[in-house]
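Listed below are the residues making up each chain.
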Protein chains: 2
Amino acid sequence: MGETPRDETPTTPTRRGFSRRALLGTGAGALAVGAGLGAAGRPAVAALEDALGDHEPQDVVDFHGEHQAGIVTPAQDRLCFASLNVLTKDRAELISLLKDWTAACRRITRGLDVTETGFDGGSEYAPPQDTGEAHDLSAAHLTVTVGFGRSLFQDSSGKDRFGLKAHLPKGLIELPHFAGDQLEDARTGGDLCIQACADDPQVAVHAVHNLIRMGFGVVSTRWMQLGFGRTSSTSTAQATPRNLFGFKDGTANLKAEDSAAIDDHVWVRDDSWLSGGTYLVARRIRMILETWDREALSGQEKIIGRTKGTGAPLSGGEEFTPVDLNMMGSGNQPIVPVDSHVRLAHPDTNHGVQMLRRGYNYADGTDTLGNMDVGLFFIAMVKDPATGFVPIQKKLAREDALSEYLRHTGSGLFAVPPGVPADENAYLGQQLFEA
Amino acid sequence: MGETPRDETPTTPTRRGFSRRALLGTGAGALAVGAGLGAAGRPAVAALEDALGDHEPQDVVDFHGEHQAGIVTPAQDRLCFASLNVLTKDRAELISLLKDWTAACRRITRGLDVTETGFDGGSEYAPPQDTGEAHDLSAAHLTVTVGFGRSLFQDSSGKDRFGLKAHLPKGLIELPHFAGDQLEDARTGGDLCIQACADDPQVAVHAVHNLIRMGFGVVSTRWMQLGFGRTSSTSTAQATPRNLFGFKDGTANLKAEDSAAIDDHVWVRDDSWLSGGTYLVARRIRMILETWDREALSGQEKIIGRTKGTGAPLSGGEEFTPVDLNMMGSGNQPIVPVDSHVRLAHPDTNHGVQMLRRGYNYADGTDTLGNMDVGLFFIAMVKDPATGFVPIQKKLAREDALSEYLRHTGSGLFAVPPGVPADENAYLGQQLFEA
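Because the structure is a prediction, the values reported are computed rather than measured.

K.L.:
Residue-level account of the overall build of chain A, with values.
P.N.:
When its secondary structure is counted, chain A shows twelve helices and ten strands. For chain A, buried positions account for 60% of its 435 residues. Within chain A, residue pairs in contact and separated by at least 24 positions form 75% of the contacts whose partners lie at least 6 positions apart. Accessible surface for chain A amounts to roughly 15500 Å². Of this, 51% is attributable to carbon and sulfur atoms.

K.L.:
Describe in detail the environment of Gly180 of chain A, supporting the description with residues and values.
P.N.:
All names here are of chain A. Mapping Gly180 onto the fold places it in the loop between α4 (150-153) and β3 (192-198). Given the relative accessible area of 53%, Gly180 is considered exposed. Sequence separation between Gly180 and Val72 is 108 residues; the distance between their C-alpha atoms is 31 Å.

K.L.:
Can you break down the interface of chain A and chain B residue by residue, with the values?
P.N.:
Contacts between the two partners involve 82 residues from chain A and, on the opposite side, 81 residues from chain B. Summing both sides of the interface, chain A and chain B together bury roughly 6700 Å²; the carbon and sulfur share of this comes to 59%. Our count for the chain A to chain B interface comes out at two salt bridges. Ionic pairing is found between Asp136 of chain A and Arg242 of chain B, a salt bridge with its closest N-O pair at 2.8 Å.

K.L.:
Which residues make up the packing of helix α3 (residues 91-108) of chain A against helix α5 (residues 201-214) of chain A, and what values do they have?
P.N.:
Residue and element names in this part refer to chain A. Running from N to C, α3 and α5 cross one another at 150°; their axes reach a closest spacing of 10 Å. What the angle tells us is that α3 and α5 run roughly antiparallel. Remark: the crossing between α3 and α5 carries right-handed chirality. Judged by residue contacts, Leu97, Asp100, Trp101, Ala104, Cys105 and Ile108 of α3 engage His206, Ala207, Leu211 and Met214 from α5. When the residues that make up the contact of α3 with α5 are grouped by side-chain class, the tally is eight nonpolar, one polar and one charged.

K.L.:
Kindly report on α3 of chain A, identifying the contributing residues and their values.
P.N.:
Helix length check: α3 of chain A, at 18 residues, gives a terminal C-alpha distance of 26 Å against a target of 26 Å (1.5 Å per residue), a fit within 8%. If you check which residues of α3 of chain A are buried, you get Leu94, Ile95, Leu97, Leu98, Trp101, Thr102, Ala104, Cys105, Arg106, Arg107 and Ile108 of chain A.

K.L.:
I'd like a rundown of the UniProt feature "domain: Dyp-type peroxidase N-terminal" (unreviewed entry) in chain A, residues and numbers included.
P.N.:
Sites flagged by UniProt as "domain: Dyp-type peroxidase N-terminal" (unreviewed entry) map to residues 68-228 of chain A. Secondary structure over residues 68-228 of chain A splits into 22% helix and 20% strand, and the C-alpha atoms at its two ends are 22 Å apart.

K.L.:
Give me the relation of the copies chain A and chain B: which residues, what numbers.
P.N.:
Superposing chain A onto chain B takes a rotation of 180° combined with a translation of 0.0 Å along the rotation axis, leaving an RMSD of 0.0 Å. In short, the pair behaves as if placed about a two-fold rotation axis. Considering only C-alpha atoms, the residue of chain A closest to the rotation axis is Asp364 of chain A, which sits at 3.2 Å. Take the interface residues of chain A: 99% of them recur as interface residues in chain B, which is what a same-surface contact looks like.

K.L.:
Summarise the state of the cysteines; cite the residues concerned and give the values.
P.N.:
Residues and elements named next belong to chain B. Enumeration over the complete set of coordinates arrives at zero disulfides over all chains. Residue Cys105 stays outside any disulfide, its sulfur separated by 12 Å from that of Cys193, the closest cysteine. Its relative accessible area of 0% is what places Cys105 among the buried residues. Distance from the sulfur of Cys197, which forms no disulfide, to the nearest cysteine sulfur (Cys80) is 9.6 Å. Cys197 sits in the buried class, given a relative accessible area of 0%.

K.L.:
Lay out the packing of aromatic side chains with the relevant residues and their values.
P.N.:
Residues and elements named next belong to chain A. Under the defined criterion, the tally for this structure stands at 24 aromatic pairs over all chains. A centroid spacing of 5.6 Å and a plane angle of 20° characterise the contact between Phe81 and Trp223, whose relative ring orientation is stacked. A residue pair is termed long-range when its members are at least 10 positions apart, and Phe81 in strand β1 (residues 78-86) and Trp223 in strand β4 (residues 219-227) qualify at 142 residues. Each member of the pair Phe81 and Trp223 is classed as buried. Relative to Tyr405, the ring of Trp292 lies with its centre 5.2 Å away and its plane at 85°, an arrangement referred to as edge-to-face. Taken together, the positions of Trp292 in helix α7 (residues 289-292) and Tyr405 in the loop between α11 (390-399) and β10 (406-416) put the pair 113 residues apart, joining distant regions of the chain. Under the relative-accessibility criterion, Tyr405 is labelled buried at 3%.

K.L.:
So, the pattern of salt bridges: which residues are in play, and what are the values?
P.N.:
Residue and element names in this part refer to chain A. According to the stated counting rule, one finds 30 salt bridges over all chains in the structure shown. Across the salt bridge formed by Arg269 and Glu66, the nearest N and O atoms sit 3.0 Å from each other. Of the two residues, Arg269 sits in the loop between α6 (259-265) and β6 (278-287) while Glu66 sits in the loop between α2 (44-52) and β1, which places them 203 residues apart along the sequence. Residue Arg269 is classed as partly exposed on the basis of its relative accessible area, which comes to 42%. Among the ionic pairs, Arg283 bridges to Asp181, the shortest N-O distance being 2.8 Å. Remark: Asp181 occurs in the loop between α4 and β3 and Arg283 occurs in strand β6; sequence separation between them is 102 residues. Comparing Arg283 with Asp181 shows no difference in burial state: the two are buried. Sharing partners across several salt bridges, the network here consists of Glu66, Asp263 and Arg269.

K.L.:
Report on the nonpolar core, specifying residues and quantitative values.
P.N.:
Formed by 164 residues in total, the largest nonpolar core has its most connected members in Trp101 and Phe148 of chain A together with Trp101 and Phe148 of chain B. Residues within four places of Trp101 of chain B in sequence aside, it is in contact with Leu84, Val146, Leu192, Ile194, Leu211, Met214 and Leu428 of chain B.

K.L.:
So, the side chain of Lys395 of chain B: which residues are in play, and what are the values?
P.N.:
Residues and elements named next belong to chain B. The residue Lys395 is located in helix α11 (residues 390-399) in this model. One buried charged residue, Lys395, remains without a salt bridge, the closest side chain of opposite sign being Glu399 at 6.1 Å. Aside from chain neighbours lying at most four places away, what touches Lys395 is Leu344, Thr349, Asn350 and Asp400.

K.L.:
Residue-level account of the UniProt feature "domain: Dyp-type peroxidase C-terminal" (unreviewed entry) in chain A, with values.
P.N.:
As annotated in UniProt, the feature "domain: Dyp-type peroxidase C-terminal" (unreviewed entry) corresponds to residues 240-420 of chain A in the numbering used here. A distance of 30 Å separates the end C-alpha atoms of residues 240-420 of chain A, which is 20% helix and 23% strand.

K.L.:
Please set out the environment of Glu404 of chain A residue by residue, giving values where relevant.
P.N.:
For Glu404 of chain A, the location among the structural elements is in the loop between α11 and β10. In sequence terms Glu404 of chain A and Pro322 of chain A are 82 residues apart; their C-alpha atoms lie 26 Å from each other.

K.L.:
Describe α5 of chain A, with residues and values.
P.N.:
Residue and element names in this part refer to chain A. If you check α5, its first and last C-alpha atoms are 20 Å apart, about what 14 residues at 1.5 Å a residue would give, namely 20 Å. Among the 14 residues that make up α5, twelve are buried, leaving the element largely enclosed by the rest of the structure. Of the positions making up α5, those classed as buried are Pro201, Gln202, Val203, Ala204, Val205, His206, Ala207, Val208, His209, Asn210, Leu211 and Ile212. The distance from a side-chain oxygen at the start of α5 to the backbone nitrogen of Gln202 is 2.8 Å, and the residue carrying that oxygen is Asp200.

K.L.:
Outline the pairing of strand β9 (residues 372-382) of chain B, supporting the account with residue identities and numerical values.
P.N.:
Residue and element names in this part refer to chain B. In terms of burial, β9 is largely enclosed, as eleven of its eleven residues are buried. Pairing of strand β6 (residues 278-287) with β9, which is carried by eight bridges, proceeds in the antiparallel orientation. Opposite Ile285, over in β9, you have Leu376 as the bridge partner. The pairing of strand β7 (residues 356-357) with β9 spans two bridges and is antiparallel. Bridged to Leu356 within β9 is Met381. Hairpin geometry of strand β8 (residues 360-366) and β9 is characterised by an intervening segment of five residues between the two adjacent antiparallel strands and by a positive phi of about 85° at Gly370.

K.L.:
Lay out the confidence of the model for chain A with the relevant residues and their values.
P.N.:
All names here are of chain A. Here chain A averages 89 in pLDDT, and 87% of its residues register 70 or above. For residues 1-42, every residue scores under 50 in pLDDT, and the model assigns this stretch 100 contacts once sequence neighbours within four places are set aside. This complex was scored by the predictor with a pTM of 0.90 and an ipTM of 0.89.

K.L.:
Tell me about the pairing of strand β3 (residues 192-198) of chain B, and please be specific about residues and values.
P.N.:
All names here are of chain B. In terms of burial, β3 is a largely internal element, seven of the seven residues being buried. Burial of the side chains of β3 extends over both faces: Leu192, Ile194, Ala196 and Ala198 are buried on one face and Cys193, Gln195 and Cys197 on the other. Note that strand β1 (residues 78-86) and β3 share seven bridges and pair antiparallel. Looking across to β3, one finds that Leu79 is bridged to Cys197.

Conventions we followed
Residues numbered from 1 in each chain as written. Chains lettered and ligands numbered in written order. Predicted model: local features only at pLDDT ≥ 70, side-chain atom pairs only at ≥ 80, totals over all residues. Heavy atoms only, no water. Helix = DSSP H or I, 4+ residues; strand = E, 2+ residues; numbered from the N terminus. Buried < 20%, exposed > 50% of the residue type's maximum accessible area, 1.4 Å probe, protein only. Contact = heavy atoms within 4.5 Å. Areas by Shrake-Rupley, 256 points an atom, 1.4 Å probe, with all protein chains shown as cover. Buried area = accessible area lost by both parts, 1.4 Å probe. Salt bridge = Lys/Arg side-chain N within 4 Å of Asp/Glu carboxyl O. Axes fitted to C-alpha atoms, helices over the stretch in contact; angles between N-to-C directions. Parallel < 35°, antiparallel > 145°, perpendicular 65-115°, else oblique. Left-handed = near helix turned anticlockwise from the far one by under 90°. Nonpolar A, V, L, I, M, F, W, Y, C, P; charged D, E, K, R; others polar. Expected span 1.5 Å × (residues − 1). UniProt positions renumbered as here; feature names shortened; annotations may be inferred. Least-squares fit on C-alpha atoms with pLDDT ≥ 70 in both. Disulfide = S-S within 2.5 Å. Phe/Tyr/Trp six-rings, centres within 6.5 Å; stacked < 30°, edge-to-face > 60°. Core = buried A, V, L, I, M, F, W, Y, C linked by side-chain atoms within 4.5 Å. Lys, Arg positive; Asp, Glu negative; His and termini not counted. Polar contact = N/O pair within 3.5 Å; in protein donor to acceptor, adjacent residues only side chain to side chain. Pairing = 2+ DSSP bridges. pLDDT = per-residue confidence, 0-100.

This is how it looks when you write it as structure tokens:
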């Protein structure tokens with residue numbers, strides 16, 4: 001390579017927003033080999049602030065905070081989700097990876113390469129420290145949210161793997177079998193999860209790809225799921241998107257602006273390490289579109305309990321009009337049918353339980369019979385899965401008319417630790433490992 | 001449903017650009033049950049023009065033209081591709097489906113529902129004619145490009161299926177086995193293909209979903225592939241994106257603005273029904289990222305023949321500087337290595353052959369070993385696959401240093417008929433069926 005002219009001039013225009021290079025004013029070289037930023041021992045957060053200077057872009061979601069980002073953050077359009085197995089038996093190695101991930105997340109959520117050395121700034125004889133595919137792209141509102149599975153605390157025989165068993169949070173239960181579950185082992189469980197959400201799918205894939213790469217030999221990928229379009233709003237400023245059944249989804253979702261409800265239903269508040277965190281429930285729900293698409297409009301609407309057009313409840317009004325579960329129609333039958341999804345999932349029929357949903361449409365090709373493998377990758381953030389998810393899912397699985405068109409093929413439950421303070425020594429999961 | 005108040009007021013804000021409803025000024029009801037547009041026998045194209053009125057949105061790519069859209073159209077960011085089997089043995093039924101698809105494409109490429117009846121305007125006792133998931137979204141530059149596989153003209157025993165065998169175009173060959181091919185039957189071949197590209201993946205998925213749905217009983221899905229991000233530019237106005245190896249991809253791609261080169265390398269020009277059409281080569285190319293990511297930067301750059309940062313050729317200059325294949329470096333070795341991808345794929349080493357590439361990054365989760373199933377869904381448009389694709393792929397498969405990191409797992413070759421004129425009686429593939 002010594003004979004090859006290397007071009008270090010500022011480079012291609014970004015596709016949208018700030019480019020990673022533009023952030024630095026003078027091109028990547030300035031950060032990689034420039035003014036001594038990030039020399040050994042230099043505090044990482046301060047160096048990062050220096051590097052960014054006045055260039056804090058508009059499409060950055062702060063990685064730091066009391067809670068992890070990617071929970072009440074307005075749901076971005078694209079998802080890349082991964083569940084990992086931990087291979088190492090060494091607690092220190094696991095902590096070291098979480099520290100590396102933290103440093104990487106601080107940078108990639110600002111649209112920077114994973115490390116200061118970046119994707120072409122290191123030794124030409126070493127593998128690049130960043131895989132490069134997001135290098136020209138903006139931060140794209142990237143959030144990275146990490147969770148811990150039950151199997152991280154104890155293996156299936158109950159053995160303590162990393163000295164964490166005493167800190168197994170009470171909500172991190174084994175999810176029961178629900179009626180109709182057809183879970184595939186290769187899409188279920190995991191010791192760790194990474195939820196990367198962004199406006200640009202390449203930015204989300206890059207995040208997961210690089211965190212996995214940094215964990216080579218320490219973790220391995222158990223399963224991975226791309227979500228091409230969000231199906232929930234988590235902010236009142238967002239329009240309600242439609243799922244692949246063609247219905248608006250998540251109209252009655254918890255919204256970030258309702259901080260009292262978020263406090264009641266999402267954040268764990270106790271004296272444990274998990275206080276300020278939450279639980280992430282993931283369900284890969286295949287939709288049997290071939291059958292659904294042959295259902296009459298009136299049938300579809302009775303199954304959902306809302307009109308397909310506006311999303312208004314069958315009891316009347318507009319999209320955000322509260323459902324009247326008691327309104328009776330002809331034949332003295334409830335207008336919102338007893339087996340409709342909206343009734344069975346409604347807080348009034350579930351002891352007031354609500355979830356913060358953050359799901360995504362997926363399309364993974366076809367099965368061996370040529371049916372489309374498409375559906376909803378359901379994600380919900382809940383304060384306590386045992387009361388906030390299991391009872392409602394038990395009921396839906398048994399009674400919901402919609403269940404006939406659904407097949408749960410994957411599942412995961414993860415404890416999501418609280419956020420990382422803007423302190424160079426803080427790291428993801430520190431509250432657990434120092435509990 | 002008679003007892004349920006249906007809300008027909010103009011509805012939710014669109015997420016971007018024009019909404020399907022806003023297009024119509026007065027809400028979907030106006031089109032569905034309104035002023036008699038599209039009454040039986042009313043010419044479809046004229047009615048469509050009326051319905052759109054002055055509201056032609058900015059993000060519409062015209063479906064009509066000498067060539068199909070989605071070929072030289074500036075490559076949109078998202079892809080949904082499907083390969084279909086034809087189930088019917090009835091030529092008239094196949095033609096009828098192509099006519100239905102044509103009518104649907106005229107509408108969905110303008111951001112309208114599949115039919116005038118739409119997704120909630122029909123009888124409540126009939127299945128909706130549009131599945132609804134893109135109803136609130138803009139046209140998103142949607143293009144739908146349809147192609148015909150060799151098996152449509154004759155089955156594997158050579159039998160004429162639909163009276164088309166005499167019109168089998170000479171370029172629609174059986175692709176040979178290439179060194180290292182690991183093609184999966186469930187990702188290979190097909191009688192028909194649909195390439196839907198759009199700015200919004202939900203719009204692309206909706207297009208494929210609805211065309212498949214309209215073909216229930218006539219066609220079945222053989223395979224389907226989502227591409228989350230484009231890896232090629234087809235216009236000089238587009239920045240070059242990066243593939244999942246982190247390199248800029250398609251720097252030297254044919255560009256739509258170079259109409260002479262497009263004429264030379266893309267459009268079939270003869271006296272057959274295919275004149276004005278082209279051939280679409282699809283290859284699902286898995287990238288073995290776990291191995292690639294451990295390769296040194298200099299090794300990666302020598303394999304590609306370009307620098308990772310700017311994409312400049314190793315012979316020097318900037319991204320768009322022509323590669324100098326003859327420049328010698330130390331040890332009297334070519335600076336652009338003899339087994340580098342850029343050299344082996346270069347027109348100068350391939351009798352001047354060029355392709356119009358239109359590929360997409362994909363991420364389909366993990367394999368049974370936990371390795372990421374990610375890579376490039378390669379699409380190329382070529383005038384003659386026998387000279388414009390097969391020789392170069394034979395060479396790459398044998399000699400390209402990059403092949404070690406690639407695994408071809410799916411393949412398809414389709415003849416892409418010329419475009420549909422803006423005439424209500426014209427339909428996709430008419431030139432073939434009336435040849």
